[in-house]
Amino acid sequence: MPTNRDTYKYHFKKGNKIVHTGITNDIDRREKEHRSEPGYSKGHIKQVGLRTTRDAALEWEREQGKEGKPIREE
């Protein structure tokens, strides 16, 4: 049974500071969305690792939150 590895893990950074940690299936679209938010126009996305499954990415995102990194609100 094939596994869909269609989800990216990322950090959105301003300079060297991580201001958002998240997951997406379209990393270019997501970067544009972040950059359209006030104060984020000069930020950029740094992909973390390779594409993975959505379930694995969600678990990674939860772990990032436990480590104190800024994540999206559910």
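Just above sits the structure.
The text that follows walks through the structure, step by step, so that each part is easy to find.

Cut-offs used in this document
- Within each chain, residues carry numbers counting from 1 in the order of the written sequence.
- Reporting in this predicted model follows two pLDDT cut-offs: at least 70 for local features of residues, and 80 or more for side-chain atom pairs to be given and counted; totals over whole chains, interfaces and linings ignore these cut-offs and use all residues.
- Neither water nor hydrogens contribute to the side-chain values; these are computed over all heavy atoms in the structure.
- Every helix listed is a DSSP run of H or I at least four residues long, and every strand listed is a run of E at least two residues long, numbered separately from the N terminus.
- With the radius of gyration taken over C-alpha atoms, the globule rule is written as 2.2 Å times the number of residues to the power 0.38.
- Contacts: residue pairs with any heavy atoms within 4.5 Å of one another.
- Burial status follows relative accessibility: with a 1.4 Å probe on protein chains alone, a residue under 20% of its type maximum counts as buried, one over 50% as exposed, and anything between as partly exposed.

Concerning the overall build of the protein
Helix and strand counts for the protein stand at two helices and three strands. Helices and strands appear in the protein in the N-to-C order β-β-α-β-α. Taking 11 Å as the expected radius of gyration for a compact globule of 74 residues, we find that the protein reaches 12 Å, a close match to that expectation. Along the longest, intermediate and shortest principal axes, the C-alpha atoms of the protein span 45 × 25 × 20 Å. Here the analysis covers contacts within the protein between residues at least 6 apart in sequence; of these, 57% occur between residues at least 24 apart.

A short note on the environment of Y40
Summarising the element assignment, Y40 is placed in the loop between α1 (27-35) and β3 (44-52). Among the residues examined, Y40 registers a relative accessible area of 23% and is labelled partly exposed. Between the C-alpha atoms of Y40 and K14, which are 26 residues apart in sequence, the distance is 7.3 Å. If we skip the residues at most four places from it in the chain, Y40 touches F12, V19, H34 and R35.

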